[in-house]
Amino acid sequence: MRINVNVDGTTYTDDVEPRMLLVQYLRERLGKTGTVVGCDTSNCGACTVHLDGHSVKSCSVLAVQADGAEVTTIEGLERDGQLHPVQQAFHDNHALQCGFCTPGMIMQAIDLLADNPDPDEQAVRHGLEGNLCRCTGYQNIVRAVRDAAHHMRPGAGPSAEQVSDTEVTRAPSHTAGN
Amino acid sequence: MTATAEPEVGKARLRKEDARLITGRTRWTDNITLPGMLHLAIKRSPMAHAKILNIDTSAARTMPGVIAVFTAADLDAEGAVGAPCAWPITPDMKSPRRPMLAADKVNFAGEGVAVVVARSAAEAQDALEAIDVDYSDLPVVLDMEAALTDGYPLVHEELGTNRNALWVFDSGEAGTGGNVEDAIRDAEVTVTRRFRQQRLVPAFMEPRSVVVDPTAAQLTVWSATQIPHILKTMTALTLGLPEHKLRVVAPDVGGGFGGKIGVLPEELMAVVVAQKVGRPVKWTETRSECMLAAHHGRDQIQDITISANRDGTVTGLKVDLIADMGAYLGLVGPGVPILGAFMFNAIYKFPAYRFACTNVFTNKTLTDAYRGAGRPEATFAVERIMDELAVELGMDPMALREKNWIKHEEFPFTTVCGLTYDSGNYEAATDRAKQLFDYDGLRREQQERRDRGDVVQLGIGISTYTEMCGLAPSRVLGSLSYGAGGWEHAAIRMLPTGKVEVLTGSSAHGQGHETAWSQIVSDQLGVPFEDIEVLHGDTQSSVRGMDTYGSRSLAVGGTAVVMAAEKVVAKAKPVAAHMLECSEDDLEFSGGKFSVRGTDKAVTIQDIALTVFLAHDLPEGMEPHLDAEAVYDPQNFSFPHGTHLCATEVDTETGRVTIRSYVCVDDVGKVVNPLIVEGQVHGGLVQGISQALYEEAVHDETGTLTNGTFADYHVPSAADMPSFTTDRTETASTTNPLGVKGVGEAGTIASTPAVVNAIVDALRHLGVHEVEMPCTPKRVWQAIQQGGAR
C-alpha cells in the first residue's frame, strides 16, 4: 500500500506491506534508528513517537495508519541546533544512563507536558507509566520533566512540532529558559 | 607559577554520553545495516524437556526471501561446539555442552532448534512458522530439591546426576575462624530460617543483538554485550578461529545488569552462519525471546542458622544453599553463589562460619550474573536473619547490628572468610541515615499505630550492607578456579593538536565512563575535560580488557587510567626539560604545565605533544610519542558499605505495601562524579525494591515460563516507585590510588532486605515472621491470615 507521511519535516512516499509497523517503517525504511524497539507487547514505550501531535507507541501503529499524518521522532525535536527543553532537561538532570528508553521517554514527557504544563511528582510518575526504564530508578526522570515544565511556556507541546504548515512557528519553548 | 584549576574529580559534570542518546543518534547494534546483510530468526522449543524426533525445514526453505535454514546437524554435525563456562568452581564440576542449537533433545523452553536466514527480519520470522518439529516429552525437572533426590529424572542423562557442583567454605578448616557446629552447639540462642531468592529476569531495555560481517580480512562481530574482550577470546577458543582474525565491537549497549555477560549460543551461531553464507548477518531478539533465552538471575534456596549469646554477640553462621543453574552453565553462572560466599558475614565480626552451596540443573532457562551476583542473596539472608535474631533476643535490630559490626577503629579487619576489609565507617553512615530517616520518630509512630490497631501498619526495615567490589585480584580469581584474570587495561594517546584519546578495557553500557574517565584524565594531565575522548568497547582500539561487571570499572579500570596518565607525564618530562633547557629536577608539573621552579618559564603538555609529533628536536633516544598504556591488577577488593532504612505502610486488610520513605547513606569512597553515583544508587534501589515487591519469573508444571513478556513480568514503572533520600559518607578506599570503591550494585544489594524487613516489622505483632518474595498483596495478606491464626 502506498503511504504519504511527513516524518520530522520531510515528506516520504512509500509502498509498504499492510502489516508493517510504524516503528519498522521508521527504522528500516527511513533509517530513523533513534526510535527503538524494546518489547513486543507495547509495554515498554521505547518506540514512542508523536503522530499528529499525540504520543503513540509506534510498535502499535501500522505504517499505513500514518498515511497523511505527521510523525515526529526524537530526531526531529531539535530546532536550529537547539535541543528541545525536555531533551535539555534530561541532560541537565542526569535522567538517563544507558539511554535506550530515553527517546521514548522524552517523547512521552513532551506529550505529558502538553496535557499538564505543571505536573506534580505523582502526575509525572503516572504520565510516564507506559514507559519503562531499567537504569535510572525514575527519580531523575521525574526531576527532569518537572524541570522542563518550568523552562517551557504554554503551547510548547507536540502541536509546536508541526512542520508541514507553510508558516513554521517555533515553539516558544525553544527560546525559553537557558 | 601555574594556576591551580579546580579539580575535575568530584564535580557533578553533566555526561558527555548524553548528546547522542537524547537526540537519537545512537549506534545500537540493531541499528547497523551492512550491504547484503541477511537476517536470522531462531526457532525455539516450546517444550522444557523433550526428545527431538524430527525437524522438517523443507517448507521453510521455500518461503519468500529465505536463503537457508540450518539445524544443529548443519552447523555443528559433530556436536563439538559449546558456549563456554569460564568458572569451573570445583575440579569435579559437571559441565554439559551448551550447543548453538539443540540436536537430539531440548533442555529448556526457549532453546533453539533451527535458524532461518532470510533477506528481511520479517521473512525470517515468517519462515519460523513453517518449520515443523516433532518432540517426544521427557519428564521435566523443575524443583531444585527434588532434582537432587535419588532416582529423580535427569536433565542431562550423560552426567548421571542433576548436581552441578558442591562448593564448601568452612572457617574452621580454612583457619580463618572457628568451627560453626561447635558455635551452634554451645550457643545460648540459635535462629534458623529458610529464605527463597526468587528467579528474576535482568530485563535490560535493549534486547540482545548481534551483527557479524565475514567479508573483510578480519571477521567483525558487533554485539550488545558487556564483555567484548572476553567475547573475542572465547569466540576464538570455542570456534577454533584465529583470535587475530577477529574484531569484536560493543557499540552503544542499552543496559546489561549482568544479563549481557555471556558468550552466547546466538553469538556463536551468527558467526558460523555468516561464514557459511559468506554475507553479513544480523540477529536481534524479540523481548519475548529474550525473556526465555537470555539468562535469568538469583533462584536460590537459603537455609541459614545463626547462633548468638544472650547479650547479642553472634557466635556463628551456617549457610546451606541450593542454587538453580537452569539447563546449562552460563559464562560465570556456577560462580555466582560463590561471589556471595564471602559476603554472608557482611559487616560483622562473626567468629565462625560455614558455607555450602549445591548447584543444581533443572529444565529452566540458565541463570547467571544479575546485578549484585551472589552478594544481594547473601546480604538479604544475613540482614533478614539479624532481624529475626533481634526479635528472639528482644533487642532493637539496629543495636544488635551495632554490637556485632566492625568498629571504624578496627580497620583493616580480616573477616571470618579471610577477606581483609581495608576501611569503613559503619557508625557514621548509620548515624547519618537515622538522622535523615527520623528513626526514633517513626518508631514512635509505629507504636502508636499498633496501639490503636490501625488498619495500615508501619514497618521499619534496616539493611546495613557491605559488598566486595573492584573485581578482582587475579590471584584470588585463580584460587577460585576462575578462567581469567581480574586486571584492567588503559591507554592514553596524546594527539598532535593537544587532544587526548583515552582507551579503556572496561566496556560501558550506561555507566558514564566517557564522562568519569575524562574527569580523571583532565586532572592527571591538566587537559580540558572537553578535549578528552574516551573510547571503549572495540577490540581494535581498546585492545585489551576485562570489561564491565562487579562494580569494577572505576576501582580497577580507573586506576589503570591513572597509571597510564602518570606514564604520559613521565614521558613528557624529559621533553619539557629539553624544551626549557633545564634539568628535569627543576621541573614541577601542575595544571597541565611543566614549570621551572622559581621562574615563569613553562610549557604545556599540549605544546609537548606537538613537539613530540614534529620530532625535529627531541632528547637523544626519545621515541616520538607520549602515548602510554598500563594494566592494573588490584591487590585487594574494595568494600563499599552503607545503611539503608525503609519505612513501609502495610494495609492489613488488602496486603498492599506502600513505601513511605526510603533513606540510604552509602559510602562508596571517593566520588569522581556525584551525579553519576546518585544515578547508580537510584537505579540499583529500584531493582532491589522490585525484587522485594514485584518481580518473579514463574514456570508452570510443564516448565513453561508463564510471564515471559513485559505484559506479564512486572518491570516497575515510575508509578510503582517512590523518590528516595540519598546521601553519602566518604571513607576513602585504601586499595586503589583513587580511593574509590564502586557503586553499580550497592543499591540493589542493600534495598531488598530493607524492604522485606520493613514489611515483616510492620506485621510482627500480628504473628508474621516471614513473607516470601515478591511480597505481593496476596502473599502479604496470606501471611497476615496465617500469622493471626497461630
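Residues numbered from 1 in each chain as written. Chains lettered and ligands numbered in written order. Predicted model: local features only at pLDDT ≥ 70, side-chain atom pairs only at ≥ 80, totals over all residues.

Caption draft 1: Highlighting the overall build of chain B. In terms of regular secondary structure, chain B is built from 22 helices and 28 strands. A compact globule built from 790 residues should have a C-alpha radius of gyration of about 28 Å, and chain B, at 28 Å, falls within 12% of that. Taken over the C-alpha atoms alone, chain B extends approximately 90 × 70 × 50 Å along its principal axes. Relative to its 790 residues, chain B shows a buried fraction of 59%. For chain B, contacts bridging at least 24 residues in sequence account for 80% of all contacts bridging at least 6. (Helix = DSSP H or I, 4+ residues; strand = E, 2+ residues; numbered from the N terminus. Rg over C-alpha atoms; globule rule 2.2 N^0.38 Å. Buried ≥ 20, exposed ≤ 12 C-beta atoms within 10 Å, placed from the backbone. Contact = placed C-beta atoms within 7 Å.)

Caption draft 2: The overall build of chain A, seen in detail. For chain A, the count of helices and strands is 5 helices and 5 strands. A burial count over chain A gives 60% of its 178 residues as buried. A separation of at least 24 residues holds for 64% of the contacts in chain A among residues at least 6 apart in sequence.

Caption draft 3: Seen up close, the interface of chain A and chain B. Contact residues are listed per partner, giving 45 residues for chain A and 42 residues for chain B. Sorting the residues of the side of chain A that touches chain B by element identifies α2 (85-92), α3 (102-115), α4 (121-127) and α5 (139-151) of chain A as the ones contributing at least two each. Class assignment of the residues belonging to the side of chain A that touches chain B gives a composition of 19 nonpolar, 18 polar and 8 charged. (Nonpolar A, V, L, I, M, F, W, Y, C, P; charged D, E, K, R; others polar.)

Caption draft 4: Quick peek at the environment of Gly-510 of chain B. Along the chain, Gly-510 of chain B turns up in the loop between β20 (500-504) and α17 (513-525). Along the backbone, Gly-510 of chain B and Pro-351 of chain B are 159 residues apart, and their C-alpha atoms lie at a distance of 40 Å. What Gly-510 of chain B contacts, discounting residues up to four positions off in sequence, is Gln-97, Cys-98, Gly-99 and Cys-135 of chain A together with Gly-255 of chain B.

Caption draft 5: Region of interest: the sheet that holds strand β6 (residues 132-137) of chain B. Residue and element names in this part refer to chain B. Taken in spatial order, the 3 strands line up as β4-β2-β6 in an open sheet, and their pairing is antiparallel. A single partner strand is all that each edge strand has here, and the edge strands are β4 (105-106) and β6. Note: strand β2 (residues 50-56) against β6, 6 bridges, orientation antiparallel. Across the sheet, the residue bridging to Ile-52 is Tyr-135, located in β6. (Pairing = 2+ DSSP bridges.)

Caption draft 6: Examining α5 of chain A more closely. Given a rise of 1.5 Å per residue, 13 residues ought to cover 18 Å, and the 19 Å separating the end C-alpha atoms of α5 of chain A matches this to within 8%. Contacts made by the buried residues of α5 of chain A are with α2, α3 and α4 of chain A together with α20 (674-693) of chain B. (Expected span 1.5 Å × (residues − 1).)

Caption draft 7: The packing of α20 of chain B against helix α21 (residues 746-763) of chain B, seen in detail. Residues and elements named next belong to chain B. Two elements in contact, α20 and α21, have axes whose closest approach is 7 Å; the angle formed by their N-to-C orientations is 40°. Classified by the angle their axes make, α20 and α21 are oblique. Classified by chirality, the crossing of α21 by α20 is right-handed. Within the contact between the two elements, α20 uses Gln-680, Val-681, Gly-683, Gly-684, Leu-685, Gln-687, Gly-688, Ile-689, Gln-691, Ala-692 and Leu-693 and α21 uses Ala-746, Gly-747, Thr-748, Ile-749, Ala-750, Ser-751, Thr-752, Val-755 and Val-756. (Axes fitted to C-alpha atoms, helices over the stretch in contact; angles between N-to-C directions. Parallel < 35°, antiparallel > 145°, perpendicular 65-115°, else oblique. Left-handed = near helix turned anticlockwise from the far one by under 90°.)

Caption draft 8: How the structure looks around the sheet that holds strand β1 (residues 2-7) of chain A. Residue and element names in this part refer to chain A. Pairing within the open sheet is mixed, and its 5 strands lie in the order β2-β1-β5-β3-β4. Both edges of this open sheet fall to β2 (10-15) and β4 (54-57), since each of them pairs with a single strand only. Strand after strand, the sheet turns through a mean of 35° between neighbouring axes, direction not considered. Two strands pair when backbone bridges link them, and β1 and strand β5 (residues 70-72) are joined in this way by 2 bridges, in the parallel orientation. Following the sheet pairing, Asn-6 is matched in β5 by Glu-70. Strands β3 (48-51) and β4 of the sheet are contacted by α3, whose axis makes an angle of about 40° with β3.

Caption draft 9: The arrangement of the nonpolar core in detail. Residue and element names in this part refer to chain B. Among the nonpolar cores identified, the biggest contains 303 residues, and Leu-40, Val-116, Phe-344, Val-521 and Ile-759 are the most heavily contacted of them. If you tally residues by element for this core, the top one is helix α18 (residues 553-580), at 12 residues. When residues no more than four places from it in sequence are discounted, the contact partners of Val-116 are Leu-40, Ala-41, Ala-60, Val-66, Val-69, Ala-124, Ala-127 and Leu-128. (Core = buried A, V, L, I, M, F, W, Y, C linked by C-beta atoms within 7 Å.)

Caption draft 10: Representation of the environment of Cys-98 of chain A. Secondary-structure assignment places Cys-98 of chain A in the loop between α2 and α3. On a C-alpha basis, the gap between Cys-98 of chain A and Asn-116 of chain A in space is 28 Å, while along the polypeptide they are 18 residues apart. Residues within four places of Cys-98 of chain A in sequence aside, it is in contact with Cys-135 of chain A together with Met-205, Val-253, Gly-254, Gly-255, His-509 and Gly-510 of chain B.

Caption draft 11: Local environment of the pairing of strand β11 (residues 246-249) of chain B. Residues and elements named next belong to chain B. Pairing analysis gives 4 bridges linking strand β10 (residues 219-223) to β11, with the strands arranged parallel. Within β11, the residue paired with Leu-219 across the bridge is Leu-246. Between the parallel elements β10 and β11, the chain passes through helix α8 (residues 228-239) in a crossover that is right-handed. (Right-handed = clockwise from strand over helix to strand, strands pointing away.)

Caption draft 12: Summary view of the environment of Pro-207 of chain B. With respect to the secondary-structure elements, Pro-207 of chain B resides in the loop between β8 (189-200) and β9 (209-213). As for Pro-207 of chain B and Glu-285 of chain B, which are separated by 78 residues in sequence, their C-alpha atoms are 6.0 Å apart. Residues in contact with Pro-207 of chain B, not counting those within four places in the same chain, are Gly-38 of chain A together with Thr-284, Glu-285, Thr-286, Arg-287 and Cys-290 of chain B.

Caption draft 13: View of unusual backbone geometry. Residues and elements named next belong to chain B. The step from Leu-471 to Ala-472 runs through a cis peptide bond, and the omega angle for that step is -5°. In this fold, Ala-472 is placed in the loop between β18 (456-466) and α16 (474-479). In the Ramachandran plot, Asp-547 falls in the positive-phi region, its phi being about 75° despite a non-glycine side chain.

Caption draft 14: Region of the structure containing the confidence of the model for chain B. Counting all residues, the mean pLDDT for chain B is 97, and 99% of those residues have values of 70 or more. The complex model carries a pTM of 0.96, and its ipTM stands at 0.97. (pLDDT = per-residue confidence, 0-100.)

Caption draft 15: Geometry of the confidence of the model for chain A. Per-chain confidence: chain A averages 90 in pLDDT, with 85% of residues scoring 70 or above. A low-confidence stretch, residues 165-178 of chain A (pLDDT under 50), is modelled with 22 contacts involving residues beyond four sequence positions or located in other chains.

Caption draft 16: Main features of the pairing of β20 of chain B. All names here are of chain B. Burial of β20 is extensive: 4 of the 5 residues sit out of reach of the surface. One ladder, built from 5 bridges, connects strand β19 (residues 488-494) with β20; its direction is antiparallel. Among the inter-strand pairings, Ala-490 is bridged to a residue of β20, identified as Thr-504. As consecutive antiparallel partners, β19 and β20 are separated by 5 residues, and within that stretch Gly-498 has a phi angle of approximately 90°, a positive value. Pairing between β20 and strand β21 (residues 532-536): 5 bridges, direction parallel. Across the sheet, the residue bridging to Val-502 is Val-534, located in β21.

Caption draft 17: Seen up close, helix α19 (residues 605-614) of chain B. All names here are of chain B. Every buried residue belonging to α19 is among Ile-605, Gln-606, Ile-608, Ala-609, Thr-611 and Val-612, and all of these are buried. For α19, the elements touching its buried residues are β19, α17, α18 and β24 (602-604). Once α19 finishes, Ala-615 follows within two positions and takes phi at roughly 60°, a positive value.

Caption draft 18: Seen up close, the packing of α2 of chain A against α3 of chain A. Residue and element names in this part refer to chain A. For the pair α2 and α3, interaxial distance at closest approach is 9 Å and the crossing angle is 125°. Between α2 and α3, the angle falls in the class oblique. Handedness of the crossing formed by α2 with α3: right-handed. Between α2, through Val-86, Gln-87 and Phe-90, and α3, the contact on the second element is made entirely by Thr-102, Ile-106, Ala-109 and Ile-110.

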